[in-house]
4 protein chains.
Amino acid sequence: MSLNTFGHLFRVTTWGESHGPALGATVDGCPPGVAVDAAMIQHWLDRRKPGTSKFTTQRREADEVEILSGVFEGKTTGTPVQLMIRNTDQRSKDYGEIAEKFRPGHADITYWQKYGIRDYRGGGRSSARETAARVAAGGLARAALELLAPEVSITGYMVQMGGHRIDRERFDLSEVERNPFWVPDAGAAGEWADYLDGLRKSGNSVGAVIEVVASGLPAGLGAPVYGKLDTDLAAAMMSINAVKGVEIGDGMAAAELTGEANADEIFMGNDGQPVYSSNHAGGILGGISTGQDVVVRFAVKPTSSILKSRQTITKSGKATEIITKGRHDPCVGIRAVPVGEAMMACVLLDHLLLHRGQIGDAGGVIG
Amino acid sequence: MSLNTFGHLFRVTTWGESHGPALGATVDGCPPGVAVDAAMIQHWLDRRKPGTSKFTTQRREADEVEILSGVFEGKTTGTPVQLMIRNTDQRSKDYGEIAEKFRPGHADITYWQKYGIRDYRGGGRSSARETAARVAAGGLARAALELLAPEVSITGYMVQMGGHRIDRERFDLSEVERNPFWVPDAGAAGEWADYLDGLRKSGNSVGAVIEVVASGLPAGLGAPVYGKLDTDLAAAMMSINAVKGVEIGDGMAAAELTGEANADEIFMGNDGQPVYSSNHAGGILGGISTGQDVVVRFAVKPTSSILKSRQTITKSGKATEIITKGRHDPCVGIRAVPVGEAMMACVLLDHLLLHRGQIGDAGGVIG
Amino acid sequence: MSLNTFGHLFRVTTWGESHGPALGATVDGCPPGVAVDAAMIQHWLDRRKPGTSKFTTQRREADEVEILSGVFEGKTTGTPVQLMIRNTDQRSKDYGEIAEKFRPGHADITYWQKYGIRDYRGGGRSSARETAARVAAGGLARAALELLAPEVSITGYMVQMGGHRIDRERFDLSEVERNPFWVPDAGAAGEWADYLDGLRKSGNSVGAVIEVVASGLPAGLGAPVYGKLDTDLAAAMMSINAVKGVEIGDGMAAAELTGEANADEIFMGNDGQPVYSSNHAGGILGGISTGQDVVVRFAVKPTSSILKSRQTITKSGKATEIITKGRHDPCVGIRAVPVGEAMMACVLLDHLLLHRGQIGDAGGVIG
Amino acid sequence: MSLNTFGHLFRVTTWGESHGPALGATVDGCPPGVAVDAAMIQHWLDRRKPGTSKFTTQRREADEVEILSGVFEGKTTGTPVQLMIRNTDQRSKDYGEIAEKFRPGHADITYWQKYGIRDYRGGGRSSARETAARVAAGGLARAALELLAPEVSITGYMVQMGGHRIDRERFDLSEVERNPFWVPDAGAAGEWADYLDGLRKSGNSVGAVIEVVASGLPAGLGAPVYGKLDTDLAAAMMSINAVKGVEIGDGMAAAELTGEANADEIFMGNDGQPVYSSNHAGGILGGISTGQDVVVRFAVKPTSSILKSRQTITKSGKATEIITKGRHDPCVGIRAVPVGEAMMACVLLDHLLLHRGQIGDAGGVIG
């Protein structure tokens, strides 16, 4: 019900504004006994941190996380974990003009219309800076998964930037960490760098598609009919700033298939577990995991804060135009990769706990 | 938390199986004083009802709704409304074989793996029959919107079936009620009939894309950052059976745009309200409605119960093949149109109530 | 959030009015594989049923439960269980006068003030008849406890009626089923019969105190700091019609104790589990069960529908007086005994599932 | 669902341990435009602060609150408000012995049994120090009530300490601020000082009963049947550390009344609003406010950390005895007064928002 909260049993409430003193995540429901410390969380935050390449905002934030509660002698205690990140480089003078003008494509106008007051500094609550808190919470979720389901691994990467798509023939996960775009295609990485540099210099921005894959998940996670695993994943990804579409498995392309083509045929594997001839379903049938890879994709629209002049209005309804100076991401989709991974980690852990709660070990065996 | 429930203040819990005695929706939080009776709900149910054309399942269900509580002398009382639909044409003999075999692409296997027990008759809880309860709840939500926000109108239609897309140049909403596909394009309707008839006769099925548009919504509905209007819409649509992708506004195509192209420029309209040069955003910025049309699309995969033979396994792990006889929809996306509308109605009403609860009339005025 | 719902993982939503067509409980989150049928639920409903002695309302209701969903071949499937009870003896002519007048001490006036519409027949939603749905849900919870924690037993009984208290020296649980008051004191049963008969004949009513005890609960259930076991029990009991006070262990009398007297000293028992010298705490410390008996008491105010004339007003604000004819319980507390037991069963099952979800078998061992 | 959260629309999640770096409250759902600053919150915290008299713990905590989010230019923005309090005087050496021994009557043993790990320093999460976060949240709720319902006033006071009760004949609210016990009875204040001083010197402690009254609340707040106003108040008060009983209006004594005596007769007041001859109901009928004073009482057990020797066991199951040195409250009920007020403020604000959300101005008028 809490509108700044997600999750059922592993519940994450994020708080904080772009240019306030701090932001963070209040995490309730974490299992006890999870080995975690600030450095482990920091590892994930550093991947999302601004200013790591010329392709991300030049805002300089240490994004240093403090664990204020819920951890004792290096382990979670089962009580709420408070993960706080101080804002250090607010430079709010950059944002003077947007106190009066609404940026097209940005939440400026809707926050005003909803609340009648808005912290315009850096976008306030609507800033993508909020996603740092998600990444921190995701780091905790990963640590808990390490304890409860160590075989699970989660990897995100970019598969499209503007009109450029990766070549699935060249797909190589080991490339992801070698380029600033988290692209699993060495060829794409090079081309995209030139393309994005051009956009950046012209003061423009561009959208992207991110794919996040979870392997090693047991079958049986999820639930009918509104707490489905794919429902919760769709909500989690759609809640990320600037996301406009979410796909599971074949996604929108599923519309083009016949039933015959779409059916992932089932066989018995050598280890006595079902195996599938294909994974159109993206690892989820009827809202419940099959044990195959869970595959989610989401589209991130281009940053709306650009150096291009756009027509808009002021708070008092006057026509004007706006050029948003400041330090912005030419492709905010890049930094959405670790955010998508974090959301995946939180949702999977949540469903592991839910399943254990309702079902325990009563699930069905095949064979 | 309830996994068969959705909504924050207007909360819908559906219950029931395909071949049990009944199914329904328990709706809590409906405003009092809403004029409603069974006939008004029935109107919407009749649109989703099976057996209305050769393109939907030939199961004969009256889908007659009874209002068992929460309505007194033709008006809601503010207490829970129970909407019950008796199952009348179960014919469970049709489903004998699937007690042992798992249909590829179907929830049979995951329900078994999760629960260790499954009502295999007609898919049990995972049957698309559950969506009748959603449509009933949506009918109540529409009646409440009629009272609280009479200017809101909600229309769904099909924009793609298999590889066939509507021609947006020929878009004509008045066509929607004139063909069995709810297609706003007279030309498409004719072609699709032939195409689907061929698939049906060959025992195959196909996917579809549905678009649902809400007009007349006030600006300001929705909330950061996990109770966003688009987050809740994505969850609502993804929770519908067989849905694999959800888009808001430009959706996945937003990835291809530059920031300059994506920015919906803002002007003052003659009525003192902001108007926009375009609607890439689908009526939602920062998770909050702009007052433009809210535009959602979702992809429905093809029915997995087909007459084509597919490889699968039995509960005891033996390899086998399956042909699913029985009465199935060759394109389950058709009947998803009224379901998508119902989910839209429920989500919008819910956010109207939430907004009134937290904000009242404190929203910001422009000009 | 749903205001007609309680529970976290085992969630019960009740619906229905006193004189509508039916009422019931929609139960989500029940574990799968629980052996249950209508007769097992009926057993508990029959204990709450009206008209079983001259000390309860003479309304004749079969209170026959139908299981409409969530059970297949005698076992729960893990999907929502709908428990419906048809109203058969509404006789709404009895209630004509109260359409216009507000009964003092009754919810008539507040429902009107809140909703602007009220189903006045038999108290509508505010009728104690709603508790039949709780008892049905409690029957399901007991069946689930039988599977998951068979050592748990739950017993309720009356310990006070008006100014008459049981004599704890004569406490004998085996007496509870032998008298119409569920009193564990044969001497009290006789005296109370005469006392209540006198009140009944004079058209008056009286309050009562009920105690519910759960034995055999494992240590460790509950959670800080708002989902405490005692918090949820207090809410569960206070939500029962006419309840005005709730106590855990020593309850209000805890205020009179010194710390020295209140400390339940701890020893190791022969079975390697801690034992306590006393149970002032009522089996709960810091919101978490100790493994001792969980002891809850609640006070039920007297029925407000009485044959005594009281001053009141009409809907139009005119002074008047009211005598409530009809069929009412002279001590509604009697029938609250099975209701209190049902709420206890639901809360305990819910916390068992919650504990399993968050903690699994990671709890601490002593010794 | 979040177990460290309470509230429906105004949702408070508290976090933090007694001897960790900080504790606080994450408040989601606060209306926008509420004038608030740290000093306003601090006012309420100072009333709960330890060390203000010899009758409270001598731990020295500034209890200085920082507002980290959700407030901009002196007003709430409608986004989450983070209220943080740094712990400054932890002195954890005081607590060495309790790492191994369980204090009778304390949550030490149950936290261990539940979680298998516990932050034993100062009671960790189970410390009454957590209530500072509630008082901070309550301060915010009061500020919001000031905006939305300025006629509401909330006052708490002690009515019983050990066996000593106030004399209701001498009841004088103006005395509450003049003595260290918040007692509305000058005579009692003097006697209790001597009594408690004796207990304190002997290393013992004692329980208390607190009453909290809210005046000026409109009729119509609350909801059937599990989100009742009294249900939520009972849960709120029972969730406070050491509380063992909660009463609304006549509370447990309602059991002793006849229906005739209990009926608060209704008349029309001069201002066109109903008035009542009495308030046995404590301002709530059927879970909904009547407009009379809302009256809640709760019993606080004596502090379990005492200088008296008690029998207990160690983590390894060895018999031992324990004397708890350190700085403890001889009557923790004293500092529970501002905590009870804070919980009342949060619950009332929450129900105001809920009512506005579901009902708006559709409530019924009398006359």
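See the structure printed just above.
This one's a predicted model, so the numbers in the text were calculated from it and none came from an experiment. (Residues numbered from 1 in each chain as written. Chains lettered and ligands numbered in written order. Predicted model: local features only at pLDDT ≥ 70, side-chain atom pairs only at ≥ 80, totals over all residues. Heavy atoms only, no water.)

(A) View of the overall build of chain A. Of regular secondary structure, chain A possesses seven helices and 18 strands. Taken over C-alpha atoms, the radius of gyration comes to 21 Å for chain A, in line with the 21 Å a tight globule of 367 residues would show. On the principal axes, the C-alpha backbone points of chain A span a range of 70 × 50 × 35 Å. Of all 367 residues assigned to chain A, the portion counted as buried reaches 68%. For chain A, contacts bridging at least 24 residues in sequence account for 69% of all contacts bridging at least 6. For chain A, the exposed area adds up to about 10500 Å²; of that, 49% sits on carbon and sulfur atoms. In chain A, which carries 38 positive and 43 negative side-chain charges, the distance between the mean positions of the two groups comes to 11 Å. (Helix = DSSP H or I, 4+ residues; strand = E, 2+ residues; numbered from the N terminus. Rg over C-alpha atoms; globule rule 2.2 N^0.38 Å. Buried < 20%, exposed > 50% of the residue type's maximum accessible area, 1.4 Å probe, protein only. Contact = heavy atoms within 4.5 Å. Areas by Shrake-Rupley, 256 points an atom, 1.4 Å probe, with all protein chains shown as cover. Lys, Arg positive; Asp, Glu negative; His and termini not counted. Charge placed at Lys NZ, Arg CZ, Asp CG, Glu CD.)

(B) The packing of aromatic side chains, seen in detail. All told, the structure shown has 20 aromatic pairs over all chains when counted by the stated rule. Between phenylalanine 181 of chain C and tryptophan 192 of chain C the ring centres are 6.5 Å apart and the planes differ by 55 degrees, which places this aromatic pair in the tilted class. On the criterion of sequence distance, the pair formed by phenylalanine 181 of chain C in the loop between β9 (164-165) and α4 (186-201) and tryptophan 192 of chain C in helix α4 is long-range, its members being eleven residues apart. The residues phenylalanine 181 of chain C and tryptophan 192 of chain C share a single accessibility class, namely buried. Between tyrosine 226 of chain C and phenylalanine 6 of chain D the ring centres are 4.5 Å apart and the planes differ by 55 degrees, which places this aromatic pair in the tilted class. Remark: phenylalanine 6 of chain D occurs in strand β1 (residues 5-6) and tyrosine 226 of chain C occurs in the loop between β10 (208-215) and α5 (229-238); the pair is interchain, linking two chains. Judged by its relative accessible area of 12%, phenylalanine 6 of chain D is buried. Here the basic side chain of arginine 142 of chain A rests over the ring of tryptophan 44 of chain A, its NZ or CZ set 3.7 Å away from the ring centre. Over the face of the ring belonging to tryptophan 112 of chain C we find lysine 315 of chain C, whose NZ or CZ atom lies 4.4 Å from the ring centre. (Phe/Tyr/Trp six-rings, centres within 6.5 Å; stacked < 30°, edge-to-face > 60°. Lys NZ or Arg CZ within 6 Å of the ring centre and 35° of its normal.)

(C) Representation of the interface of chain D and chain B. Contact with chain D, which involves 16 residues of that partner, is made by 16 residues of chain B. Per-residue buried area on chain D facing chain B is highest for Arg356, Gly357 and Gln358 of chain D; these three make up 42% of the total on that side. The tally of links between chain D and chain B comes to zero salt bridges. In this assembly, chain D and chain B are joined by nine residue pairs in polar contact (both at pLDDT 80 or more). Along the lines of polarity and charge, the residues of the side of chain D that touches chain B split into nine nonpolar, six polar and one charged. (Buried area = accessible area lost by both parts, 1.4 Å probe. Salt bridge = Lys/Arg side-chain N within 4 Å of Asp/Glu carboxyl O. Polar contact = N/O pair within 3.5 Å; in protein donor to acceptor, adjacent residues only side chain to side chain. Nonpolar A, V, L, I, M, F, W, Y, C, P; charged D, E, K, R; others polar.)

(D) Inspection of the interface of chain A and chain B at higher detail. Contact with chain A, which involves 113 residues of that partner, is made by 113 residues of chain B. Here chain A and chain B share an interface that buries about 9000 Å² over both sides, 61% of which is from carbon and sulfur atoms. Connecting chain A to chain B are five salt bridges. Glutamate 256 of chain B is the partner of arginine 165 of chain A in a salt bridge, and the nearest nitrogen-oxygen pair spans 3.2 Å. For the pair chain A and chain B, the number of links is 57 residue pairs in polar contact (both at pLDDT 80 or more). Among the elements that take part in the side of chain A that touches chain B, helix α2 (residues 108-115) of chain A stands out by supplying seven residues, more than any other. The class makeup of the residues in the side of chain A that touches chain B is 55 nonpolar, 41 polar and 17 charged. The pairing of strand β11 (residues 243-248) of chain A with strand β11 (residues 243-248) of chain B spans three bridges and is classified as antiparallel. The residue bridging glutamate 247 of chain A from the neighbouring strand is glycine 245 of chain B, located in β11 of chain B. (Pairing = 2+ DSSP bridges.)

(E) How the structure looks around the sheet that holds strand β7 (residues 81-86) of chain A. All names here are of chain A. Spatial strand order, β1-β2-β3-β7-β4: five strands in an open sheet with antiparallel pairing. At either end of the open sheet lies a strand with only one pairing partner, and these are β1 (5-6) and β4 (65-67). Its contacts with the sheet place helix α3 (residues 131-148) against β2 (11-16), β3 (22-28) and β7, and it is angled at close to 35 degrees to β3. (Axes fitted to C-alpha atoms, helices over the stretch in contact; angles between N-to-C directions.)

(F) Molecular detail of the relation of the copies chain A and chain B. The two copies are related by a screw operation: chain A maps onto chain B through 180 degrees of rotation and 0.0 Å of translation along the axis, at an RMSD of 0.0 Å. Such a combination of rotation and displacement between the chain copies is what one expects of a two-fold axis. Residue by residue, 100% of the interface of chain A is reproduced at the interface of chain B, so both copies engage with the same surface. (Least-squares fit on C-alpha atoms with pLDDT ≥ 70 in both.)

(G) Molecular detail of the pattern of salt bridges. Scanning the entire structure with this criterion turns up 85 salt bridges over all chains. For the salt bridge of glutamate 66 of chain A with arginine 86 of chain D, the shortest nitrogen-to-oxygen distance reads 3.8 Å. On the criterion of chain membership, the pair formed by glutamate 66 of chain A in strand β4 and arginine 86 of chain D in strand β7 (residues 81-86) is interchain, its members lying in two chains. Given a relative accessible area of 28%, arginine 86 of chain D falls into the partly exposed group.

(H) Local environment of the relation of the copies chain D and chain B. Note on the identical chains: chain D maps onto chain B by a rotation of 180 degrees and an axial translation of 0.0 Å, with an RMSD of 0.0 Å. Both copies share a contact surface, since 100% of the interface residues of chain D are interface residues in chain B too.

(I) Region of interest: the pairing of strand β16 (residues 294-300) of chain C. Residue and element names in this part refer to chain C. Of all seven residues making up β16, seven are buried, and the element is well covered by its neighbours. Here β16 shows two buried faces, one formed by Val294, Val296, Phe298 and Val300 and the other by Val295, Arg297 and Ala299. Here seven bridges tie β10 to β16, and the two strands are oriented antiparallel to one another. Each residue of the ladder has a partner; that of isoleucine 210, found in β16, is phenylalanine 298. Alignment of strand β11 (residues 243-248) against β16, held across five bridges, turns out to be antiparallel. Residue pairing across strands places isoleucine 248 opposite valine 296, the latter belonging to β16.

Honestly, it's all geometry; don't read function into it.
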